[in-house]
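What the coordinates show
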Amino acid sequence: MKALQQALGYTFKDEAHLRRALTHPSTKQPDNQRLEFLGDAILEFCVSDMLYHKYTNFQEGALTARRAALVCERTLSVLAHSLDLGRCLVMGNGEILTGGREKPSILADAVEAVLAAIYVDGGYEAVREVIFRLFQDEDKLVAPKVKDDKSALQEYTQAHDMGLPAYRIIDSTGPDHDRQFVAEVVIMGRQMATGKGQSKKSAEQMAARAALKRCQDEE
């Protein structure tokens, strides 16, 4: 864990927080799901703060699209690889055998959990500093990838005066270590599509992809 702390640029006062953040639900031990929940909110706020002050000429739509590209599953999994986070994860043998250390959804969740652990251990200023440092070269994180489906749908709806899409998780099935989520996307009060995925983010992306296709088909 020392190498990970060096990569993060943060040394934990209590490494138990970091161990918890790295523990996958497949272990049947106290896991990182609560930290993931907290980390998702912390990351979104800190990235919003960073973008607000960095891009003073951006309006809400551009800021929202930029944030979505930075906090999406693919970007976080890329960030996890740069930190060699997968090697540090504690997970059950079944998950290891099925390539759990390389699964984007698991890596993205772990990044969020680790950020929450930093917040719990060191407070807001500590996690803010880490997030700003990790995302300072944001163009390198965003540029190599194709525009994600949620951003593409949002650009479409804004261009057609349809407002912002709204997402909601409407179902989840399976054990904690192999969860399947169903998300719906609503545009102007109308359910446009649903999508399934192994994480809430991937389910929303699938719903956005289906909704964009439907919108285009209905033109």
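A brief structural summary.

Analysis parameters
- Residues numbered from 1 in each chain as written.
- Predicted model: local features only at pLDDT ≥ 70, side-chain atom pairs only at ≥ 80, totals over all residues.
- Heavy atoms only, no water.
- Helix = DSSP H or I, 4+ residues; strand = E, 2+ residues; numbered from the N terminus.
- Rg over C-alpha atoms; globule rule 2.2 N^0.38 Å.
- Buried < 20%, exposed > 50% of the residue type's maximum accessible area, 1.4 Å probe, protein only.
- Contact = heavy atoms within 4.5 Å.
- Core = buried A, V, L, I, M, F, W, Y, C linked by side-chain atoms within 4.5 Å.
- Pairing = 2+ DSSP bridges.
- Polar contact = N/O pair within 3.5 Å; in protein donor to acceptor, adjacent residues only side chain to side chain.
- Salt bridge = Lys/Arg side-chain N within 4 Å of Asp/Glu carboxyl O.

1. Section: the overall build of the protein chain
What the protein chain contains, in helices and strands, is 11 helices and three strands. From first element to last, N terminus to C terminus, the protein chain shows the α and β order α-α-α-α-α-α-α-α-α-α-β-β-β-α. Taken over the C-alpha trace, the protein chain has a radius of gyration of 18 Å; the compact-globule value for 219 residues is 17 Å, and the two agree within 12%. Each principal axis of the C-alpha atoms in the protein chain carries an extent, and together these give about 55 × 45 × 25 Å. For the protein chain, buried positions account for 47% of its 219 residues. Counted over contacts in the protein chain with a minimum sequence separation of 6, partners at least 24 positions apart contribute 56%.

2. Considering unusual backbone geometry
A positive phi angle, near 65°, is found at K28, a position not held by glycine. Following the sequence through the fold, K28 ends up in the loop between α2 (15-21) and α3 (33-54). One non-glycine residue, D161, lies in the positive phi region at around 55°. In this fold, D161 is placed in the loop between α10 (149-159) and β1 (166-173).

3. Side note on the nonpolar core
Residues L115, I118, I131 and F135 are the most contacted members of the largest nonpolar core, which totals 44 residues. Going through the elements one at a time, α1 (2-8), α2, α3, α4 (60-71), α5 (73-82), α7 (104-122) and α8 (124-134) are the ones with two or more residues in this core. In this view, F135 contacts L43, M50, L70, T75, L76, L79 and L141; residues no more than four positions away in its chain are not counted. Residues A152, V185, M192 and A208 belong to the second largest nonpolar core, which totals 13 residues.

4. With respect to α5
For α5, every residue scored as buried is listed here: E73, T75, L76, S77, L79 and A80. Immediately beyond the C-terminal end of α5, within one or two residues, lies D84, with a positive phi of roughly 55°.

5. Things to note about the pairing of strand β2 (residues 180-187)
Buried residues dominate β2, accounting for six of its eight residues. In terms of strand pairing, β1 meets β2 through seven bridges, oriented antiparallel. Its bridge partner lying in β2, I169 is registered against A183. Linkage of β1 to β2, two consecutive antiparallel strands, is achieved through a turn of six residues, within which G174 is found at a positive phi near 90°.

6. Considering the side chain of T75
On the secondary structure map, T75 appears in helix α5. Within the structure, T75 has its side chain in polar contact with the backbone oxygen of A69 (distance 2.6 Å).

7. Details of the pattern of salt bridges
Here the structure, examined in full by the defined rule, presents 16 salt bridges. Here E138 and K54 are joined by a salt bridge, their closest N and O atoms 2.8 Å apart. You can see E138 sitting in helix α9 (residues 138-142) and its partner K54 sitting in helix α3, a full 84 residues away along the chain. Relative accessible area serves as the criterion here: at 42%, K54 is assigned to the partly exposed category. Here D217 ties to K213 by a salt bridge, and the two come within 3.0 Å at their closest N and O atoms. With D217 and K213 both in helix α11 (residues 200-217), this residue pair falls four residues apart, about one helical turn. When its relative accessible area of 54% is taken as the criterion, D217 is described as exposed. Three or more residues are tied together by salt bridges with common partners; here these are D40, E112 and K201.

Purely spatial values, then, with no claim about function.
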